[in-house]
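Working through the structure, step by step
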Protein chains: 2
Amino acid sequence: MDNFRFCSPTYFAFGKGTENDAGELVKKFGGTKVLIVYGGGSVVRSGLLDRVENSLAAAGLEYTSKGGVKPNPLSDFVYETLDDLKSGKISFDFLLAVGGGSTIDTAKAIAAGAVYDGDFWDFYEGKWIEKALPVGTVLTIAAAGSEGSGDSVITKVEGMLKRGASGDGIRPKFSILNPELTQTLPPYQTACGMTDIIAHLYERYLTNTKDVEVTDRLIEALIMTIVHEAPRVMADPNNYEARANIMWAGTVAHTNVAGSGRSQDWNSHNIEHELSALYGCAHGAGLAVVMPAVFTYCMEHDVTRFAQIAVRVWGCKMDFYHPEVTAKQGIEALRNFLISIGMPSKISDFGGKKEDIPVLVDKLVNGGGRNGSISGFVTLDAKACSEIYELMF
Amino acid sequence: MDNFRFCSPTYFAFGKGTENDAGELVKKFGGTKVLIVYGGGSVVRSGLLDRVENSLAAAGLEYTSKGGVKPNPLSDFVYETLDDLKSGKISFDFLLAVGGGSTIDTAKAIAAGAVYDGDFWDFYEGKWIEKALPVGTVLTIAAAGSEGSGDSVITKVEGMLKRGASGDGIRPKFSILNPELTQTLPPYQTACGMTDIIAHLYERYLTNTKDVEVTDRLIEALIMTIVHEAPRVMADPNNYEARANIMWAGTVAHTNVAGSGRSQDWNSHNIEHELSALYGCAHGAGLAVVMPAVFTYCMEHDVTRFAQIAVRVWGCKMDFYHPEVTAKQGIEALRNFLISIGMPSKISDFGGKKEDIPVLVDKLVNGGGRNGSISGFVTLDAKACSEIYELMF
């Protein structure tokens, strides 16, 4: 096991009705003037925004609400809010994100930029986020895990570069996790969320660190949970228990408790980011297409690892003469599972074209300060990435 | 899933040589004058105490070191230290425990008592610990999980009452987890530690909350880790990787991330506390005798639960006609595993006598403010507890 440091200090309030605790929790963590950030109109229509605002008002807090965060969130919302803050047009000392990963990541970017003199985008080109305004979240979809992580992903409008930033400074102070809020999600979004959670787990599972049984087992436990709950929630969107299991699994998956002390992959995420940036597909849908392709390409790097997950998670029988057969069966089982919950299996399902591959690859391996390759479980150069995109047709 | 709140803010520094980060970490969490608490001479003889003291000195911190914490730690060490603090004989604003669960629990008791006007024992009779001086730990045995928990267990000398206290106030600010420090442990202590970890997991597994797949799976993952690593570490005490997997499993087990949103048991711990209080046996050794007896007694309360763990963790084949057969096989597999690592299987192995049962039972169900029973997975009255102690012969 590698040496590591781990701290997940976020205070989680989980369960029915917990959005009504927003005011109490903002106060607990020192907020006085709150900027509520949200996306489209669904949090307005559902009455959630009202309930959160009422909770803040009842706690005697000032607040302003600002909607309009887009899926695959863009830098312009962040820049605009930071300009308004710095010009004195608005004023806040606490960010409260009401929504999913895009909304939370946007709030984190604003929180980091608010206490930084330079361009907030510096963080998305590799600068570690040490300090930020405090952030709280009210989660509306189990997916990104941003409610429990020190990560944020934003797309820069100029060049449509989708990049991630990290730092303990942007770990949420609190996150409100009410599975009821996810019961109204359309099936497609629910499935995209589960796919994203599974991807976060595979990205940690694919490690070059040996002999890490404890985190292997924890990751497998969380994937098995999603696989178990997925058909239940697809059959009945109102299944609270299934929603609750998925939600806690998604949060725990991304706190990194199961990823500590081991090298991680993240090639699938990087390869997918180019797809959602170019085609505007949902991140989870992109990942559903990317993962089997990447895993097929990288399988030979460590057949045993893929065989292990095939046996332990997907229930495949170990072929001791031909472990690569078992490994492949595991990848096929993942692909079939994703199809069973309505995810696309080909890049063309969301408009991908073969002639775009050179563009995708160039941005992937050269964009945003990269030098001709991406590295993770396996280092992938332009040729490798091109072959992987080919596998998605 | 039940509504819950969960926060595990402890900062973990894991890996080789991390005891040398003690000074940096005390400073990070605001300590200036440190009371180092430790147990017997092994941390002195091994040079660990020196390394920790040197690290504090290098960080410019003042410190005093106080040894003498006993296994199954007693209240008199706590009272004495608090008297010295309150009379001005010593002065400190940070507790650093260097040792195992007994040492850490003692430091927590001092930390809570130091900022409380009443008798610190109030906390061990049920008062929640909201505030305490900051505590850090340098862990030397994977066992109690106190390095990541908000719990502490102390035995009151008067009446030899062994009781637990809890509260977010005593969650350690940081814990240093260096598996190398556990390589010199005698096999018996290593095995006692693993048994304690497994007990913490079973206590959470035995729940009356339905449909909690995610935490079931996480608990199973951690138990399977211990079961996998145990023979490796018993065969070779210097196996760093096995030690590392056990250590992280033990810590995660007790942060409660895998116990959130579900009712828990803790009857085995309560029943064991009377054994170590009366016979002075190691807590883990006591648990090895207690667990199979309690589980056998309580199996009928939820045969399916015991069958599930038998199949998933112990690899038993499900007997669909007779699930109680599978459930029993799982308990037998646990018992055999514990014997295989050198744990006792009978109360008489550490001096238990049948004629003591009435005393044990009376203290258990009536001592320290209890009213004739203990409650957990199953509510157990005096008669039930008596039958359970009988099963241990």
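What comes next is a walk through the structure. Note that the coordinates shown come from a computational prediction; the quantities given were computed from them, not determined experimentally.

Turning next to the overall build of chain A. Check the secondary structure of chain A and you find 14 helices and 10 strands. The C-alpha atoms of chain A give a radius of gyration of 20 Å, which matches the 21 Å a tight globule of 393 residues would have. Here chain A, with 393 residues, has 62% of them falling under the buried criterion. Put simply, of all contacts in chain A between residues at least 6 apart along the chain, 78% involve residues at least 24 apart. One way to put it: in chain A the 36 positive side-chain charges average out to a point 2 Å from where the 47 negative ones average out.

Attention now goes to the sheet that holds strand β4 (residues 94–99) of chain B. Pairing within the open sheet is mixed, and its 12 strands lie in the order β3(A)-β2(A)-β4(A)-β5(A)-β8(A)-β1(A)-β1(B)-β8(B)-β5(B)-β4(B)-β2(B)-β3(B). Of all strands in the sheet, those with a lone pairing partner are β3 (62–66) of chain A together with β3 (62–66) of chain B, marking the two edges. The average angle at which neighbouring strand axes cross in this sheet is 20°, direction not considered. Note that strand β2 (residues 33–38) of chain A and β3 of chain A share five bridges and pair parallel.

On to a nonpolar patch on the surface, then. A surface patch of nonpolar side chains, amounting to about 290 Å² of accessible area, comprises V311, M318 and F320 of chain A. Summarising the element assignment, F320 of chain A is placed in the loop between α11 (303–312) and α12 (323–340).

Residues and elements named next belong to chain A. The final tally for this structure, using the stated rule, is 40 salt bridges over all chains. D168 is paired through a salt bridge with R171; the nearest N and O atoms lie 3.8 Å apart. Residue classification places R171 among the buried positions, given a relative accessible area of 11%. Here R232 and E229 are joined by a salt bridge, their closest N and O atoms 2.8 Å apart. Within this pair, R232 and its partner E229 are both found in helix α7 (residues 213–235), separated by three residues, close to a single helical turn.

Once chain A has been moved 0.0 Å along the axis and rotated by 180°, it coincides with chain B to within an RMSD of 0.0 Å. Such values leave the two copies arranged in the relation of a two-fold axis. Residues of chain A ranked by C-alpha distance from the rotation axis are headed by P9 of chain A, positioned 1.9 Å from it. Taken as a fraction of all interface residues of chain A, those also at the interface in chain B reach 100%, which identifies the copy contact as same-surface.

Parameters and conventions
Residues numbered from 1 in each chain as written. Chains lettered and ligands numbered in written order. Predicted model: local features only at pLDDT ≥ 70, side-chain atom pairs only at ≥ 80, totals over all residues. Heavy atoms only, no water. Helix = DSSP H or I, 4+ residues; strand = E, 2+ residues; numbered from the N terminus. Rg over C-alpha atoms; globule rule 2.2 N^0.38 Å. Buried < 20%, exposed > 50% of the residue type's maximum accessible area, 1.4 Å probe, protein only. Contact = heavy atoms within 4.5 Å. Lys, Arg positive; Asp, Glu negative; His and termini not counted. Charge placed at Lys NZ, Arg CZ, Asp CG, Glu CD. Pairing = 2+ DSSP bridges. Axes fitted to C-alpha atoms, helices over the stretch in contact; angles between N-to-C directions. Patch = residues over 30% accessible without salt bridge, like charges linked within 9 Å, V, L, I, M, F, W, Y side chains within 5 Å. Areas by Shrake-Rupley, 256 points an atom, 1.4 Å probe, with all protein chains shown as cover. Salt bridge = Lys/Arg side-chain N within 4 Å of Asp/Glu carboxyl O. Least-squares fit on C-alpha atoms with pLDDT ≥ 70 in both.

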